[in-house]
Amino acid sequence: WYLTTTTGTYGDYEAVVLPPVNTATNPINTLQLSFWAKPTSTSYSPVFYVGVMTDPEDINTFQSVDTVNVLNSTDWQFFEVPLASFTGSGQYVAIRANRPSSAWYAYLDDVILVNSPSCPRVYDVAAHGITQTDATITWTPNAAAFEYEVQYGSAGFTFGSGTTVNYIYSDSVTL
């Protein structure tokens, strides 16, 4: 963790900084960061910023890529953050906690940096308006995706054997 105030005290900013990335072979915008997080109490709703630093010892070099809002639940929550929108320089991927005027505490675990998948995952998939003939499927988009392919079939169908709807440019489809 990086502390910005007097040594030995909690600072206004703390950051987990990963080891340097060889950007010649792995450009930052081809990577994805994933991690689990939870607050220590339901009284907190931590906000983390995922970004890139040019100097791991200088918080002023932090360039934000995305914001992660952790719900005020003591259950672990999984986050995936594509770094595709990063256009700056730097080789240190970091997670920064921005402390509000009152303190909050949270845990991070299983921080993983990998190549972005060619097919990004969506979240919160749900079915609405289900009738005998149709249903509307909605999801929370992934920032790295701009079109979707949906596959469906009878209960228990094997992926690859269902009916496929290609090139969906919104966050829902009626089947």
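Just so we're clear, the structure is a prediction, and the values are computed from it rather than from any experiment.

## Structural notes on the nonpolar core
Counting residues in hydrophobic clusters, the biggest one holds 21 residues, and the most contacted among them are Ile 28, Leu 33, Phe 35, Phe 48, Val 50, Val 68 and Leu 83. When residues of this core are traced back to their parent elements, those giving at least two are β2 (31-39), β3 (47-53), β4 (63-69), β5 (77-82) and β6 (92-98). Beyond its immediate chain neighbours, meaning those up to four positions away, Phe 35 contacts Val 50, Val 68, Gln 77, Phe 78, Phe 79, Val 81, Ile 95, Leu 108, Asp 109, Asp 110 and Val 111.

## Section: a nonpolar patch on the surface
Residues Trp 36, Trp 76, Phe 78 and Tyr 107 make up a contiguous nonpolar surface patch of about 390 Å² in total accessible area. Along the chain, Phe 78 turns up in strand β5. The partly exposed category is assigned to Phe 78, whose relative accessible area is 33%.

## Structural notes on the sheet that holds strand β8 (residues 123-128)
The strand order across the open sheet formed by three strands is β8-β9-β12, and the pairing between neighbours is antiparallel. The open sheet has two free edges, formed respectively by β8 and β12 (172-174), since each of these has just one partner strand. On average, each strand axis in the sheet is tilted by 15° relative to the strand beside it, whichever way the strands run. Both strand β9 (residues 136-140) and β12 contribute to a ladder of three bridges, which runs antiparallel. Bridge pairing in β12 places Thr 136 opposite Thr 174.

## Here we look at the environment of Asn 98
With respect to the helices, strands and loops of the structure, Asn 98 is situated in strand β6. Among the residues examined, Asn 98 registers a relative accessible area of 25% and is labelled partly exposed. Residues Asn 98 and Ala 15, 83 residues apart in the sequence, show an inter-C-alpha distance of 8.8 Å.

## A few points about unusual backbone geometry
Despite not being glycine, Asp 110 shows a phi value in the positive range, around 50°. Positionally, Asp 110 belongs in strand β7 (residues 106-115). By relative accessible area, which is 46% here, Asp 110 ends up partly exposed.

## Re the side chain of Gln 151
Residue placement: Gln 151 occurs in strand β10 (residues 148-152). Only 2.6 Å separates the side chain of Gln 151 from the backbone nitrogen of Gly 160, close enough to count as a polar contact. Among the polar contacts listed, one links the side chain of Gln 151 to the side chain of Thr 164, at a separation of 3.3 Å. If sequence neighbours within four positions are ignored, Gln 151 has contacts with Phe 157, Thr 158, Phe 159, Gly 160, Ser 161, Gly 162, Thr 163 and Thr 164.

Rules and cut-offs
Residues numbered from 1 in each chain as written. Predicted model: local features only at pLDDT ≥ 70, side-chain atom pairs only at ≥ 80, totals over all residues. Heavy atoms only, no water. Core = buried A, V, L, I, M, F, W, Y, C linked by side-chain atoms within 4.5 Å. Buried < 20%, exposed > 50% of the residue type's maximum accessible area, 1.4 Å probe, protein only. Helix = DSSP H or I, 4+ residues; strand = E, 2+ residues; numbered from the N terminus. Contact = heavy atoms within 4.5 Å. Patch = residues over 30% accessible without salt bridge, like charges linked within 9 Å, V, L, I, M, F, W, Y side chains within 5 Å. Areas by Shrake-Rupley, 256 points an atom, 1.4 Å probe, with all protein chains shown as cover. Salt bridge = Lys/Arg side-chain N within 4 Å of Asp/Glu carboxyl O. Pairing = 2+ DSSP bridges. Axes fitted to C-alpha atoms, helices over the stretch in contact; angles between N-to-C directions. Polar contact = N/O pair within 3.5 Å; in protein donor to acceptor, adjacent residues only side chain to side chain.

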